Amino acid sequence: MNFFDVWLYFANGLFLKAQGFGKRGTITGEVVFNTSLTGYQEIISDPSYAGQFIVFCMPEIGIVGCNEKDMESSNIFAKGILVRRLSKISSNFRATQSLHDFFEKYGSMGICDIDTRGIVKTLRDSGSMMMIVSSEISTKEELESILKKSKKIEEIDYIEQVSTKETYIHKEANFNFDTFDYKEIDTHDSCRKKIVAIDYGIKRNILNELSEVGFIVEVVPQSFLVDDIISRFNNKEIHGVFLSNGPGDPALLQNQIDKIKKMIDANIPMFGICLGHQLLSNAFGYDTYKLKFGQHGGNHPVKNMQTNELEITAQNHNYNVPESISDIAIITHRNLFDNTIEGVEYKNYKIFSVQHHPESSPGPKESNKIFHKFIDMIARV
């Protein structure tokens with residue numbers, strides 16, 4: 001394994017030295033912590049982390065290695081990861097490469113041999129913040145100077161980087177543990193309802209869940225033509241629209257908000273997750289706000305306000321919808337850690353959304369029934 005010295009400077013003045021692996025260079029980004037104990041490859045390959053460094057609370061990462069079937073996207077879009085200890089062995093029969101080699105392959109920076117517990121406490125107390133890491137620059141003053149001149153995450157449109165460039169039909173459903181592969185679906189099955197999924201940084205297993213419940217899913221880039229979507233809906237070529245998860249500040253995406261407004265006016269059934277959930281709020285005129293350190297992990301309790309059921313969920317977001325949205329929407333879910341809104345159903349519209357990741361990859365599968373709600377709603381239209 002090839003390791004090298006790196007120096008880290010945080011926006012609050014914290015300066016640290018650690019070991020790096022994978023990509024060398026000087027990188028800036030927002031740093032957040034994730035509380036999941038498992039599923040590091042799915043977390044790292046989640047496009048919603050674009051522009052961010054992920055600090056893992058789990059002290060040792062890498063023990064099960066990596067494999068292509070556990071990728072949530074085509075690349076690592078996160079700026080990098082911070083781990084206390086990187087495992088030097090991969091002990092799992094599905095592993096095809098180590099986490100170290102995984103970072104070498106995808107050209108991303110890993111940081112290890114660092115006090116992640118102390119960093120998590122800092123982020124918990126001070127909130128998410130910008131950070132710079134370098135294998136080239138070792139002086140605090142120079143790193144501080146570069147960081148101050150760098151754009152903040154709120155100023156960068158990351159969905160252009162993570163969205164697909166071409167339209168395609170998703171051909172897989174959920175993972176089959178008998179064959180250890182994903183199930184293939186018949187994309188020409190006339191019994192399946194067709195929807196369009198707008199890719200703001202969509203995760204593979206969200207698409208799989210949509211296929212699993214009976215949809216044919218056409219994935220389109222963030223540059224999609226909204227008038228084309230509306231025309232196809234009116235002609236019954238498609239039956240609904242899914243708004244995906246994704247990175248960054250939703251308020252920056254005014255072009256997407258305007259498109260969603262048009263689809264709302266066209267009475268298109270819609271379902272949004274994470275960024276899609278936030279964009280719907282903005283499209284209805286209710287501004288999102290930034291949380292202190294976000295919610296990132298696979299152990300967040302969420303209460304379904306309609307059934308009183310408790311679901312343990314996977315989360316990855318820094319922004320939330322406001323309480324005032326109850327003027328136009330029913331609050332369907334709440335996070336029991338901080339009582340923030342986790343799901344809404346808009347009054348007088350066939351539109352609903354959730355903040356958490358109900359496909360739960362990684363994480364428990366307690367909330368994936370929300371996908372059945374979407375197909376049931378469309379079946380009634």
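Just above, that's the structure.
These figures come from a predicted structure and were not determined experimentally. (Residues numbered from 1 in each chain as written. Predicted model: local features only at pLDDT ≥ 70, side-chain atom pairs only at ≥ 80, totals over all residues. Heavy atoms only, no water.)

## Considerations on helix H7 (residues 226–234)
Move 1: Val226, Ile229, Ile230, Arg232 and Phe233 are the residues of H7 that are buried. Each buried residue of H7 sits inside an arc of 165 degrees when the element is viewed along its axis, so together they form one side.
Move 2: Positioned one or two residues after H7, Lys236 has a phi angle of 65 degrees, which is positive. (Buried < 20%, exposed > 50% of the residue type's maximum accessible area, 1.4 Å probe, protein only. Helix = DSSP H or I, 4+ residues; strand = E, 2+ residues; numbered from the N terminus. Arc of directions from axis to C-beta.)

## Details of the packing of helix H8 (residues 254–265) against helix H9 (residues 275–283)
Move 1: One can describe the packing of H8 onto H9 by two numbers: an axis separation of 9 Å at closest approach and a directional angle of 75 degrees. Between H8 and H9, the angle is such that the two are roughly perpendicular. Between H8 and H9, the contacting residues are Gln256, Ile257, Ile260, Lys261 and Ile264 on the first element and Leu279, Leu280, Asn282 and Ala283 on the second.
Move 2: Each residue belonging to the contact of H8 with H9 can be placed in one class, and the counts come to 6 nonpolar, 2 polar and 1 charged. (Axes fitted to C-alpha atoms, helices over the stretch in contact; angles between N-to-C directions. Parallel < 35°, antiparallel > 145°, perpendicular 65-115°, else oblique. Contact = heavy atoms within 4.5 Å. Nonpolar A, V, L, I, M, F, W, Y, C, P; charged D, E, K, R; others polar.)

## With respect to the side chain of Ser360
Move 1: Positionally, Ser360 belongs in the loop between strand S21 (351–354) and helix H10 (370–380).
Move 2: A polar contact of 2.6 Å, which involves the side chain of Ser360, links it to the backbone oxygen of Pro364.
Move 3: What Ser360 contacts, discounting residues up to four positions off in sequence, is Ala314, Lys365 and Ser367. (Polar contact = N/O pair within 3.5 Å; in protein donor to acceptor, adjacent residues only side chain to side chain.)

## Points about the sheet that holds strand S16 (residues 270–273)
Two orientations exist for strands paired in a sheet by backbone hydrogen bonds: parallel and antiparallel.
Move 1: Across the sheet, 10 strands lie side by side as S10-S14-S13-S15-S16-S21-S20-S19-S17-S18; this open sheet has mixed pairing. On the outer flanks of this sheet lie strand S10 (168–169) and strand S18 (310–320), each paired with one strand and no other.
Move 2: Docked against the sheet, H9 engages strand S15 (240–243), S16, S18, strand S20 (341–346) and S21, running at close to 120 degrees with respect to S16. (Pairing = 2+ DSSP bridges.)

## A closer look at the sheet that holds strand S8 (residues 109–112)
Move 1: Strands sit in the order S1-S2-S8-S6-S4-S3-S9 around a closed barrel of 7 strands; the barrel is mixed. Mean inter-strand twist for the sheet, computed between neighbouring axes without regard to direction, equals 35 degrees.
Move 2: Bridging between strand S2 (residues 15–22) and S8 involves 4 bridges; their strand directions are antiparallel. Residue pairing for S8: Phe21 is matched across the bridge by Gly110.

## Re the layout of surface pockets
Move 1: There is about 660 Å³ of room inside the largest pocket.
Move 2: Considering the residues around the largest pocket, the lining is formed by 32 residues, among which Gly39, Glu42, Asp70, Arg94 and Pro362 are closest to the centre.
Move 3: Put simply, the parts of the chain that give the lining of the largest pocket at least two residues each are helix H1 (40–44), strand S5 (60–61), strand S11 (172–176) and helix H6 (204–212).
Move 4: Here the element with the most residues in the lining of the largest pocket is H1; it accounts for 3 residues.
Move 5: The class makeup of the residues in the lining of the largest pocket is 13 nonpolar, 12 polar and 7 charged.
Move 6: By volume, the second largest pocket amounts to about 300 Å³.
Move 7: Lining the second largest pocket are 17 residues, with Glu72, Ser73, Ser74, Tyr168 and Ile202 positioned closest to its centre.
Move 8: Residues that form the lining of the second largest pocket fall into these classes: 7 nonpolar, 6 polar and 4 charged. (1 Å grid on protein atoms, 1.4 Å probe; cavity = no way out; pocket = protein on both sides within 12 Å on 5 of 7 lines; lining within 4 Å. Points joined across faces, edges and corners; volume = space filled by probe spheres on them.)

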